[in-house]
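Examining the three-dimensional arrangement
Spelled out, the chains give:
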Amino acid sequence: MESDRFSLDGKVTIVTGGRQGIGKVVAHALASQGSDVVIIDMADATEVAAEIAEQHKVRAIALVCDVTDPEQVARTIEEAASRLGTLDLLFNNAGICLHKPALECTPTDFTRVVDVNLNGIFFVAQAFARYLVANGKQGNIVNTASMSATIVNIPQGQASYNSSKAGVAHLTKSLAVEWAPLGIRVNSISPGYINTEMTGNVREDWRQIWTDMIPFKRMGAPEELAGAVIYLLSDASTYTSGADLIIDGCFTVV
Ligand code: NDP
């Protein structure tokens, strides 16, 4: 296969949750493949966008938006398209995690996690697909699910997170089928335990249990997810939609 099938030259990619963690590292990797980048995050990510533009010589902007608010999402997608002229790809990645036993979860705890992780993914995917359809374009989406869509993590209680991510994996398949006739591919990645701000403050005894359970005997780095996202967003994967790529150091294999 020609290597340029992985190229993202001339594309514009939206990355949600790109101010830090997996989103930031993947945004850099997408830019290194030639893509312009729009970072969407709860907090201002102007510095991250400036760093990406400088390092990779692409256009990069940051827009503040809460993905749980569909009207704000629609306005933000419109603004992104108008500022960069077009939109092609979406890395739909913003998410939160709550470690709290199910018996102690309040309705607000549970619904907030589902709102960001599942509803937010849907609102952004829908607004992006509506933009593509309205402009006669085709495009690709990669959603960030989790190995927690498939297994139940221990020892921490995180029923809200696990169920929201199972929802993302099946939403991905549902949108892939519905939007196949539109030429919009929708896939997901399912990371295992990855070293980011999200996992940075976890109890040391839990981290030890996790590491012992991972056949690779280590947590992953966000850089180890970037190739999968580039693959799924690029022309290297033109016959792939509705797939979930688990990247977990073999955690779910045993
Ligand atoms: P981080 O917490 O490091 O980064 C998440 C980013 O998403 C933050 O910048 C955060 O902004 C942003 N965000 C949160 N809520 C919203 C919202 N409502 N609207 C817009 N942006 C929002 O997490 P990771 O990088 O570790 O995780 C990224 C994705 O990967 C998540 O979906 C997560 O569930 C998933 N994942 C992570 C794993 C891990 O081990 N780290 C494993 C499997 C999946 P702010 O901080 O300003 O609120």
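Residues numbered from 1 in each chain as written. Predicted model: local features only at pLDDT ≥ 70, side-chain atom pairs only at ≥ 80, totals over all residues. Heavy atoms only, no water.

Our working definition: UniProt positions are given in the numbering used here, feature names are shortened, and annotations may be inferred rather than shown by experiment.
Under the annotation held in an unreviewed UniProt entry, the protein carries the name NAD(P)-dependent dehydrogenase (Short-subunit alcohol dehydrogenase family) and is attributed to Brooklawnia cerclae. For the record of the protein, the UniProt heading Sequence similarities (unreviewed entry) holds the text "Belongs to the short-chain dehydrogenases/reductases (SDR) family."

As for the nonpolar core
In plain terms, the rule: Side-chain atoms within 4.5 Å are what join buried Ala, Val, Leu, Ile, Met, Phe, Trp, Tyr and Cys residues into a set we call a nonpolar core. The buried label applies to any residue whose accessible area, calculated with a 1.4 Å probe on protein chains only, is under 20% of its type's maximum; exposed applies above 50%, and partly exposed to all values in between. Strands here mean DSSP runs of E at least two residues long; helices mean DSSP runs of H or I at least four residues long; both are numbered from the N terminus. Residue contacts are counted whenever heavy atoms from the two residues lie within 4.5 Å of one another.
Within the largest apolar cluster, 35 residues are counted, with the highest numbers of intra-cluster contacts made by Ile-14, Val-38, Leu-87, Ile-141 and Trp-179. Of all the secondary-structure elements, those providing two or more residues to this core are strand E1 (12–16), strand E2 (36–41), strand E3 (60–64), helix H3 (70–84), helix H4 (107–134), helix H5 (159–179) and strand E6 (184–191). Among the elements that line this core, the one with the most residues is H4, at 10 residues. Look past the residues within four positions of Trp-179 in its chain and what remains in contact with it is Ala-125, Gln-126, Ala-129, Ile-141, Ile-184 and Val-186. Grouped together as the second largest cluster of nonpolar side chains are 30 residues, Val-15, Ala-27, Ile-189 and Leu-225 included.

Let's talk about the side chain of Ser-234
Going by this rule: A 3.5 Å cut-off defines polar contacts: any pair of N or O atoms within that distance qualifies, except that in protein one atom must be a possible hydrogen donor and the other a possible acceptor, and neighbouring residues in sequence count only when both atoms are side-chain atoms.
Here Ser-234 is to be found in the loop between helix H8 (223–233) and strand E7 (244–247). Polar contacts involving the side chain of Ser-234 include one to the main-chain carbonyl oxygen of Tyr-231, which spans 3.1 Å. With residues near it in sequence (within four places) discarded, Ser-234 still touches Arg-5, Phe-6, Ser-7, Leu-8, Asn-140 and Arg-185.

Observations regarding the pairing of strand E4 (residues 89–92)
What counts is decided by this rule: For two strands to pair, DSSP has to find at least two bridges joining them.
The two faces of E4 match: Leu-89 and Phe-91 on one face and Leu-90 and Asn-92 on the other face are all buried. Direction of pairing for E1 relative to E4: parallel, over a ladder of three bridges. Looking at E4, one finds that Thr-13 is bridged to Leu-89. Inspection of the sheet shows E4 paired to strand E5 (residues 139–144) by four bridges, in the parallel sense. Within the sheet, the bridge partner assigned to Leu-89 lies in E5 and is Asn-140.

Here's the deal with the side chain of Asp-41
With respect to the secondary-structure elements, Asp-41 resides in strand E2. Here the side chain of Asp-41 touches Arg-19 through a polar contact of 3.1 Å, landing on its backbone nitrogen. Dropping the residues within four chain positions of it, Asp-41 is found in contact with Gly-17, Gly-18, Arg-19, Leu-63, Val-64 and Cys-65.

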